[in-house]
Amino acid sequence: MPKIETVKLKEVVLGEGRPKICIPLTAKTKEELIVQARIASNSCADLIEWRADLFLENLDRDHLLFVLDIVKKSLGSIPLLFTCRTKKEGGGKNFSETEYANLNQFAAESGLVDLVDIEAFFGQDQSFVKKMIETIHSFSTPVIASNHEFHKTPSSKEMVERMCFMQEIGADIVKLAVMPVCAKDVLSLLCATEEMVRCFAVKPIVTMSMGKEGILSRICGEIFGSALTFGAIGECSAPGQLPADKLKEILMILHEGN
């Protein structure tokens, strides 16, 4: 079994112990975002994600940094994950390559975020994503490479191959989310996670099966090897997310039993 290189974000360590809980901020305006950030900062969150793609205000460099500064101050010591999710992968906006690269670079360069999510299959050229990861790393900011499949669950072999690819292009954390069409698909995702962690992973792995059928995958990460799970404090950012407080309770029960 390969040794997992943990990722430390302030006092939070991904890749060891129970899966950490990430709470997404899905607000559309600055005022809503401030309220959500304050609520999230007083929750059970280990990590907080700002879904910038759902934000309706202007995201030029100056305003982005202004909003990030407000959010960061609201969160205190809780690490912040910056995410621009594209419509293709379940997000709120379409981005050109230039827009996508600039937003992620501005966030990393600001020093106001602790982690940046980059879609591993963005654009037409795989070298574009690799270059983005290298740019973000140049600001000493770690990267989650992610892939979201909203229409099906690929074969276990393909899921492992996708995770290996994300690891190979330089990701510090690998994330794969898929949609089940039956209960067996959830088992396929869990088996792929276990195989990846047992045979190939040197970075923390984050996986989930979405929707109601996939809820099991969001709570059993410690058994199969997923290092992070997402919980909601209001509006969900993806189908199947559990309320964060209930999620924490379940994770602690499983952790104590494990």
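As the structure is a prediction and not an experimental result, all values here were calculated from the model.

Engineer: Give a detailed account of the overall build of the protein, specifying residues and quantitative values.
Structural biologist: Each helix and strand in the protein was counted, giving nine helices and 11 strands. Taken against the 2.2 N^0.38 rule, which gives 18 Å for 258 residues, the C-alpha radius of gyration of the protein at 17 Å falls within 12% of a compact globule. Taking all 258 residues of the protein together, the buried fraction comes to 55%. When contacts within the protein are restricted to residue pairs at least 6 apart in sequence, those whose partners lie at least 24 apart make up 73%.

Engineer: Please provide a residue-by-residue account of unusual backbone geometry, values included.
Structural biologist: For K10, which is not a glycine, the phi torsion comes out positive at approximately 55 degrees. With respect to the helices and strands, the residue K10 is situated in the loop between β1 (7-9) and β2 (12-14). The exposure class of K10 is partly exposed, given its relative accessible area of 31%. We note that S140 has phi near 60 degrees; this positive angle belongs to a residue other than glycine. Looking at the element boundaries, S140 is found in the loop between α4 (126-137) and β7 (143-149).

Engineer: Quick rundown of the environment of V181? Include the residues and the values.
Structural biologist: Secondary-structure assignment places V181 in the loop between β8 (173-178) and α6 (183-200). What makes V181 exposed here is its relative accessible area of 62%. For the pair V181 and G214, spaced 33 residues apart in the sequence, the C-alpha separation amounts to 9.6 Å.

Engineer: Outline the sheet that holds β7, listing residues and values.
Structural biologist: Read across the sheet, nine strands follow the order β9-β8-β7-β6-β5-β4-β3-β10-β11 without closing on themselves; strand pairing throughout is parallel. Looking at the sheet topology across the chains shown, the edges are occupied by β9 (205-209) and β11 (242-243). On top of the sheet, helix α3 (residues 97-110) reaches β5 (80-83) and β6 (115-119); it is set at about 165 degrees to β6, its chief contact. Packing against the sheet, α4 makes contact with β6 and β7, and its axis sits at approximately 175 degrees to β6.

Engineer: Just give me the short version of α3, but keep the residues and values in it.
Structural biologist: With 14 residues, α3 extends 20 Å between its outermost C-alpha atoms, agreeing within 8% with the 20 Å of an ideal straight helix rising 1.5 Å per residue. For α3, the set of buried residues is Y100, A101, L103, N104, F106, A107 and A108. Lining the buried residues of α3 we find α2 (61-75), β5, β6 and α4. At the C-terminal side of α3, G111 shows a positive phi close to 75 degrees.

Engineer: I'd like to hear about the pairing of β8, residue by residue, with values.
Structural biologist: Within β8, six of the six residues are buried, leaving the element largely enclosed by the surrounding structure. Alternating residues of β8 divide into I173, K175 and A177 and V174, L176 and V178, and every residue in both groups is buried. The pairing of β7 with β8 spans six bridges and is classified as parallel. Note that in β8 the partner of N147 across the bridge is L176. A crossover connection joins β7 to the parallel β8 through helix α5 (residues 156-168); in handedness this β-α-β unit is right-handed. Judged from the five bridges that link them, β8 and β9 form a sheet pairing that is parallel. Counterpart to A177 in the pairing with β9 is M208. Regarding topology, α6 serves as the crossover connection from β8 to the parallel β9, and that connection is right-handed.

Rules of the game
- Residues numbered from 1 in each chain as written.
- Predicted model: local features only at pLDDT ≥ 70, side-chain atom pairs only at ≥ 80, totals over all residues.
- Heavy atoms only, no water.
- Helix = DSSP H or I, 4+ residues; strand = E, 2+ residues; numbered from the N terminus.
- Rg over C-alpha atoms; globule rule 2.2 N^0.38 Å.
- Buried < 20%, exposed > 50% of the residue type's maximum accessible area, 1.4 Å probe, protein only.
- Contact = heavy atoms within 4.5 Å.
- Pairing = 2+ DSSP bridges.
- Axes fitted to C-alpha atoms, helices over the stretch in contact; angles between N-to-C directions.
- Expected span 1.5 Å × (residues − 1).
- Right-handed = clockwise from strand over helix to strand, strands pointing away.

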